[in-house]
Amino acid sequence: MKVLVIGGGAREHALCRSLSLDPDVTALHCAPGNAGIAEVAELHAVDQLDGAAVAALATGLGADLVVVGPEAPLVAGVADAVRAAGIPAFGPSREAARLEGSKAFAKDVMAGAGVPTARSYVCTTPAEIDEALDAFGAPYVVKDDGLAAGKGVVVTADLAAARAHAVSCVGAPPAPSGRRGSVVIEEFLDGPEVSLFAITDGTTVVPLCPAQDFKRALDGDEGPNTGGMGAYSPLPWADPALVDEVLETVLQPTVDELRRRGTPFSGLLYAGLAITSRGVRVIEFNARFGDPETQVVLARLRTPLAGVLLNAANGTLADQEPLRWSDDAAVTVVVASHNYPGTPRTGDPIGGLAEVAERDAPHAYVLHAGTKRDGEAVLSAGGRVLSVTATGSDLTEARERAYAAVGRIRLDGSQHRTDIAEKAAQG
């Protein structure tokens, strides 16, 4: 099987790493990729938002499967263009990807499917914003309606800050950034958060193992919201029946509702959940693998990945044998650039990568996110630069291995959280 992966972050590096270990994959390509992905896949330059260009690349390569990693190409309809060229694509259509592309659309789908979620208002004027903020009270939860690269949610007790963000969303004109002139304001959900991915062909839904990520920049869940500073799996504190419950009450009803509407969802359905005092509630849906949760989920998956993704793309997921999982735990720690998530500094050389490969493999390894190669040097090229991932017999051992590897990384001004999976490991 020849596989083309679209994207260039740590999520795509994790996907490429798993695909490179699949004996059925005879050729692996990635566009545009990054310095780390280049070690396991052949890289190609492409505008990943240009469906025609991606389809042409896949056709020229003779790809048997195209895996679209990031959300922006999915919302732009890249998977549709690939399928129109006669090539199986793992990723939802433009219409189905609105589940992530528009928070308001997702709320409407959840209402139709009877999926438990936070009460919310979709606001388009400052007056509606004031009414919604007053109705829910602090802490205020304000969400950009469109795509915001994981940083479009403000949770704050500061009414002025909440209102300012909300007003900026409704005041912005429709743009490629995803801002659509509306904002979602909803009740705050208490309790721990869980990320649960499911692979689906639009009918059959196969859940993966749950994970938990860490959105805040600093230890103790302090600091600004980020795209995610680390993750771990499994969740020793979670109810063993959680996955089955979410499949029955959230994932399958959502897939069924989208099929009923004539916009079947095929690809990766990501449910961000809050385990509240009143039960499981959906915080949000994403239409693709999450980053950094993918890094730990795929680290534990033992079933070869390519066949599972192809079954989803071909509508034959009902034929898929049950997934096999390692009993090991996995932890990912994100190494970010100076000043992330503000305006991160880029272009700094990264050291220690060879040392991790030599001293920590196979239990710990580095997945590249924002990197580029400059001759023999690897330089930082984004906010989140690396995802250092490790496995172990339990979370304690996985944490120790991950942080030992992080300690070998040299990147001037870099930052990382020191408490990823700490509470879960302590029980």
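From a predicted model like this one, the values you see are computed outputs, not experimental measurements.

## Focus on the environment of Ser20
Part 1 of the reasoning: Checked against the element boundaries, Ser20 lands in helix 1 (residues 10-20).
Part 2 of the reasoning: On the basis of relative accessibility, which here comes to 32%, the residue Ser20 falls in the partly exposed class.
Part 3 of the reasoning: In sequence terms Ser20 and Val40 are 20 residues apart; their C-alpha atoms lie 6.4 Å from each other.
Part 4 of the reasoning: When near neighbours in sequence (up to four residues on either side) are disregarded, Ser20 contacts Leu28 and Val40.
Part 5 of the reasoning: From its side chain, Ser20 meets the backbone oxygen of Arg17 in a polar contact 2.7 Å long.

## Details of the environment of Cys16
Part 1 of the reasoning: Note on placement: Cys16 falls in helix 1.
Part 2 of the reasoning: Residues Cys16 and Val5, 11 residues apart in the sequence, show an inter-C-alpha distance of 7.2 Å.
Part 3 of the reasoning: Excluding residues within four positions of it along the chain, Cys16 makes contact with Val5, Leu28, Cys30, Ile37, Val40 and Ala41.

## Re the sheet that holds strand 4 (residues 65-68)
Part 1 of the reasoning: Spatially, 5 strands are ordered 3-2-1-4-5 in an open sheet, and the strand pairing comes out parallel. Single-partner strands in this sheet number two, and they are strand 3 (42-43) and strand 5 (89-90).
Part 2 of the reasoning: Two strands pair when backbone bridges link them, and strand 2 (residues 27-32) and strand 3 are joined in this way by 2 bridges, in the parallel orientation. Bridged to Cys30 within strand 3 is Leu43.
Part 3 of the reasoning: Lying over the sheet, helix 1 contacts strand 1 (2-7), strand 2 and strand 4, oriented at roughly 170° with respect to strand 1.
Part 4 of the reasoning: Relative to the sheet, helix 11 (residues 305-314) contacts strand 4 and strand 5, its axis offset from that of strand 4 by approximately 90°.

## Quick word on the sheet that holds strand 10 (residues 193-200)
Part 1 of the reasoning: Sheet architecture is open: 4 strands sit in the order 11-10-16-17, paired in antiparallel fashion. Every other strand in the sheet has two partners, leaving strand 11 (205-207) and strand 17 (279-286) as the edge strands with one partner each. In this sheet, neighbouring strand axes are inclined to one another by 35° on average, regardless of whether the strands run parallel or antiparallel.
Part 2 of the reasoning: Pairing geometry for strand 10 and strand 11, over 3 bridges, is antiparallel.

## Remarks on the side chain of Lys143
Part 1 of the reasoning: With respect to the helices and strands, Lys143 occurs in strand 7 (residues 140-144).
Part 2 of the reasoning: For Lys143, a relative accessible area of 2% corresponds to the buried category.
Part 3 of the reasoning: Among the polar contacts listed, one links the side chain of Lys143 to the side chain of Glu186, at a separation of 3.0 Å.
Part 4 of the reasoning: Beyond its immediate sequence surroundings of up to four residues, Lys143 is in contact with Lys103, Gly152, Val153, Val183, Val184, Glu186, Ile283 and Glu284.

Basis of the calculations
- Residues numbered from 1 in each chain as written.
- Predicted model: local features only at pLDDT ≥ 70, side-chain atom pairs only at ≥ 80, totals over all residues.
- Heavy atoms only, no water.
- Helix = DSSP H or I, 4+ residues; strand = E, 2+ residues; numbered from the N terminus.
- Buried < 20%, exposed > 50% of the residue type's maximum accessible area, 1.4 Å probe, protein only.
- Contact = heavy atoms within 4.5 Å.
- Polar contact = N/O pair within 3.5 Å; in protein donor to acceptor, adjacent residues only side chain to side chain.
- Pairing = 2+ DSSP bridges.
- Axes fitted to C-alpha atoms, helices over the stretch in contact; angles between N-to-C directions.

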